[in-house]
Amino acid sequence: MRKTIVVILLFIGTLANAETLSWNIVNTYTDGQVISKPVTYNVYDNAYHATNPIATGVSGASWFITNKGSNVTHGFEVSATVDNVTGGKSARLGWTSPPLSPEVPGGLRVQ
């Protein structure tokens, strides 16, 4: 029983620190025609001087933020790709990752 409780607590703690970048799906070309082919997305982050995407081929309209650091200012941008043609980048979204702090001590006891 204790192992189950520990796993659940660790899982809940992990969810509390999870951030996801999301955006509206792209379903038309710049001329207004409906896109009938698969659309993938590229994610950029200027916090790490990324002129190249930090994630490519993202199939949905969200991406789990990795390598966020502690108290780092990020500038996320997203572009869409259809048939190996990549469109322009979205407007930049500024976000500062929360400062990391040590876990709260647990397991206190007097022996």
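Calculation criteria
Residues numbered from 1 in each chain as written. Predicted model: local features only at pLDDT ≥ 70, side-chain atom pairs only at ≥ 80, totals over all residues. Heavy atoms only, no water. Buried < 20%, exposed > 50% of the residue type's maximum accessible area, 1.4 Å probe, protein only. Helix = DSSP H or I, 4+ residues; strand = E, 2+ residues; numbered from the N terminus. Pairing = 2+ DSSP bridges. Salt bridge = Lys/Arg side-chain N within 4 Å of Asp/Glu carboxyl O.

*Asks:* Explain the pairing of strand β2 (residues 40-45) residue by residue, including any values.
*Replies:* Burial within β2 is extensive, with five of its six residues counted as buried. Pairing between β2 and strand β5 (residues 73-82): six bridges, direction antiparallel. Bridging from a neighbouring strand, Tyr44 pairs with Glu77 of β5. Bridge analysis of β2 against strand β3 (residues 55-58) gives two bridges, and the strand direction is antiparallel. Looking at the pairing, Tyr41 lines up with Val58 of β3.

*Asks:* Describe the pattern of salt bridges, naming the residues involved and giving the relevant values.
*Replies:* Side chains carrying opposite charge are able to pair once their charged atoms draw close together. For the structure shown, the criterion picks out four salt bridges. With a shortest N-O distance of 3.6 Å, Glu77 and Arg92 are connected by a salt bridge. Highlighted residues: Glu77 in strand β5 and Arg92 in the loop between β6 (85-89) and β7 (93-96), separated in sequence by 15 residues. For Arg92, a relative accessible area of 49% corresponds to the partly exposed category. Linked through salt bridges whose partners overlap, the residues forming this network are Glu77, Lys89 and Arg92.

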